[in-house]
Structure formats: C-alpha cells, structure tokens
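Take a look at the letters that make up each chain.
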Amino acid sequence: MQTTILYIGRDAEITVVMNRLLNARPEWKGVCVCTDEEAISILKTQDVDLILLGNGISPECENALREDVNALKPGIKIVQHYGGGSGLLYGEIMGALD
Amino acid sequence: MSQFILHKENTRGHANHGWLNAHHSFSFANYYNPERMHFGVLRVLNDDLIDGGMGFGTHPHDNMEIITIPLAGAIAHKDSMGNSAVIKSGEIQVMSAGTGVSHSEYNALADEQLNLLQIWLFPNKKNVTPRYDQQTLDVQAMYNNFQQILSPNEDDAGVWIHQDAWFSLGNFDEGFEAEYKIKKAGNGVYAFVINGEVTIDGQTLNKRDGLGIWDTDSVSFKANSADARVLLMDVPMEF
C-alpha cells in the first residue's frame, strides 16, 4: 500500500528534488508544492497520509496551514522536514508513520 | 545525577556504496534506528570515507547547520552562494543552509582517500539567510587541550553557527587528565573519539566510539593512549 506524502516548501528547486526523492520509493507517493493554496487544493481532492513542511514557511503561514489541515482532514500528521534532501527524509517519514 | 548513552563504533549504521564507505552515528539516509535519531540538537554524525575524485554532486539543503571536518585528505566544495573552495585536513567548514542552498562536495585529490566527519545540527532559528565559512584550525593549541573550534558567537574562537553549541577538539598524551565544563545550562556533551582510547566519566571509549552525557555541568576526561584525539560537541538537549 502506498503512503501519500504532501510536501510543502517555498524553494522551487528543492521542491523538484523532494518530488524525485519521494517518488523514487514504490511505497511512497509524493506530491510536492510551493504554495499553501496548492496544498489546500490537493487536500480537498486527494487522500494524504502525511504532510512534510519544508523551508521558507513563516510561522504565520504554518499556523494557518495547520488550522486549514485540521479543518479539512483532521488527524493527518504534519512534520517538519529538515535538511532539504535525502539525508533525513526516510527517518522523518518512518518516525511519523511508526 | 548525570545520564549517558554509549554508542560503540560497531553499532553505527553502515553503508558501503563502493566509492563511499559511510558510518552513521545517528539515523541517516537508509539507516533508520528509532533509538538513534539525535542527541539534543545533534542530528547527524557521519564518518565518511570517499575514494579519490569521487563525491556528492550538486544537491540542496535547508534549515540545518552543517559542519564538515576533514580528518584526512581534502574536499572540493562549490555552492549556489558562489563559494568555491578546498577544505583540507586541519580545517573546518560550516554552512548554514537556512532558506536553501545547493552545493557539491568531492574528494579534491584523485589518488588519495578522503575521510571526513559531517555533522548536522538543528538550527535555533529557521529560514535564516544561507552562509558559508571555513577556517584553519590551531593545531598547536589542541595539544593536551580541548580547543574551541565552533561556537554561537561570531567574535569567539572557531567558526560560528545558528545554535547554542560549542565544539572542541584536542590531541592528548597518554595519562593526560582534564575536566570539561559544559558551556550552557541545559546543554549535554557528545564525545566522539577520533583516535586512541580515553575514559570519559568512567566510560572507556575506543576509536570512533561516541558517548553522550547530560544532566550535568561537567565531564571528566582521561587519555589512555598516546594518540588520543577527541571531538566534544556541547549542544542544547531541548529544542
């Protein structure tokens, strides 16, 4: 069974890399976006198991995003992704899904 | 009452990719151990052996303080901030990834293996402006002394980072004893033995062993061999 992971980060280059990394594993489906509007649109139309918050998201945007996620799909785990690449990604996702 | 966690060398994660032989003190890449996620803000301690001319192509980072210490050989570094440099054994490099930076790291030498420690700390502030620095270490000052090589302060010894962390490095004669005072209340110390045998707070450690100690304000140290070399990482335990 695939785990759908929504990544939200402001840096377009990192978002492309995250999309490649997440979709390289058959057990994961990665959907990667740069804006909160895109993220909300995806949450409205797709089942998402986990949300990764990437770089550049201000505390205000993060709070608003958490409120929107809670209203739309309560119970989805939201975790901070650090490092912007593959080094910590597996551990972050496994830790969140454990 | 102080607490400790011991990471023996042979319990580290290991990945041999041929050109890269990596040992991970904490979960990294495909090595995942829920009991080895971090020591306070210390998230990554990788001990990498990289073949001549080989390395990591351009890849991004964000929101992480990345410290690289070459133990043998030299690294060729290039990044999206316009830095292009070679960092040799006896030097230290720091990169605050902040809002995002891309870089490449290669063994600068074609016919010599590169051994480096790469250390990642969670920053105390997210989305800072990326920055890069490198410095030559004062090797003379490390003789029978924990010489500071990193701090949170721009005007202090060593490189600086966005975290209340202090790193010290020393080379010790057999029998040398010292007490290390933790720099900030609430910090712990992670000791990594680069070489030799030492005793820290009653624990005997050998080459590449790691020992994390917290809930204390100082640790005792004794070198048991003539070639002891130890890196102390004094880091916040809460973040």
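For the structure itself, consult the block above.
Residue positions are given per chain, counting from 1 as you read along its sequence in written order. Written order decides the labels, with chains lettered from A and ligands numbered from 1. A pLDDT threshold of at least 70 governs which residues receive local features in this predicted model, and a stricter bar of 80 or more applies before side-chain atom pairs are shown or counted, although totals over entire chains, interfaces and linings include all residues.

## Focus: the sheet that holds strand β18 (residues 198-200) of chain B
All names here are of chain B. Here is the rule we go by: Paired strands are those between which DSSP finds at least two bridges. Note on conventions: DSSP H or I runs of at least 4 residues are helices, E runs of at least 2 residues are strands, and numbering of each starts at the N terminus. Every axis corresponds to a line fitted to the C-alpha atoms, with the helix fit spanning only the stretch in contact, and the corresponding angles, defined between N-to-C directions, vary from 0 to 180 degrees.
Here we have four strands laid out as an open sheet, ordered β16-β21-β18-β19, and antiparallel in their pairing. Of all strands in the sheet, those bounded by a partner on one side alone are β16 (177-181) and β19 (203-205). When the angles between neighbouring strand axes are averaged without regard to direction, this sheet yields 25 degrees. Across three bridges, the pairing between β18 and β19 is antiparallel.

## Regarding the packing of helix α2 (residues 36-45) of chain A against helix α3 (residues 59-72) of chain A
Residues and elements named next belong to chain A. The condition is simple: Geometric relationships in this document are graded by angle, where less than 35 degrees denotes roughly parallel, more than 145 denotes roughly antiparallel, 65 to 115 denotes roughly perpendicular, and other angles denote oblique. Contact between residues is assigned whenever the C-beta positions, reconstructed from backbone atoms, fall within 7 Å. Each residue gets one label: Ala, Val, Leu, Ile, Met, Phe, Trp, Tyr, Cys and Pro are nonpolar, Asp, Glu, Lys and Arg are charged, and the others, such as Gly, are polar.
For the pair α2 and α3, interaxial distance at closest approach is 11 Å and the crossing angle is 10 degrees. One element, α2, and the other, α3, form an angle in the roughly parallel class. Here α2 contributes D36, A39, I40, L43 and K44 to the contact with α3, which in turn contributes C61, L65, D68, V69 and L72. Broken down by class, the residue content of the contact of α2 with α3 amounts to seven nonpolar, no polar and three charged.

## Concerning the interface of chain A and chain B
With 19 residues of chain A at the contact, the number on the chain B side is 22 residues. Mapped by element, the contributors of at least two residues to the side of chain A that touches chain B are α1 (12-23) and α4 (89-97) of chain A. At four residues, the largest contribution of residues to the side of chain A that touches chain B is made by α4(A). Partitioned by chemical class, the residues of the side of chain A that touches chain B number six nonpolar, ten polar and three charged.

## Describing the pairing of strand β13 (residues 147-151) of chain B
Residue and element names in this part refer to chain B. Note that β13 and strand β15 (residues 166-172) share three bridges and pair antiparallel. Following the sheet pairing, L150 is matched in β15 by F167. Where β13 meets strand β14 (residues 159-160), two bridges bridge the pair, whose relative direction is parallel. If you follow L150 over to β14, its bridge partner there is V159.

## Some details on the sheet that holds β15(B)
All names here are of chain B. Spatially, β1-β20-β17-β22-β15-β13-β14 is the arrangement adopted by the seven strands of the open sheet, whose pairing is mixed. The open sheet has two edge strands with one neighbour each: β1 (3-7) and β14. Here seven bridges tie β15 to strand β22 (residues 228-236), and the two strands are oriented antiparallel to one another. Each residue of the ladder has a partner; that of G170, found in β22, is V230.

## Here's the deal with the environment of R10(A)
All names here are of chain A. Here R10 is to be found in the loop between β1 (3-8) and α1. Along the sequence, R10 and K44 sit 34 residues apart, while their C-alpha atoms lie 20 Å from each other. Beyond its immediate sequence surroundings of up to four residues, R10 is in contact with C34, N55, G56 and I57.

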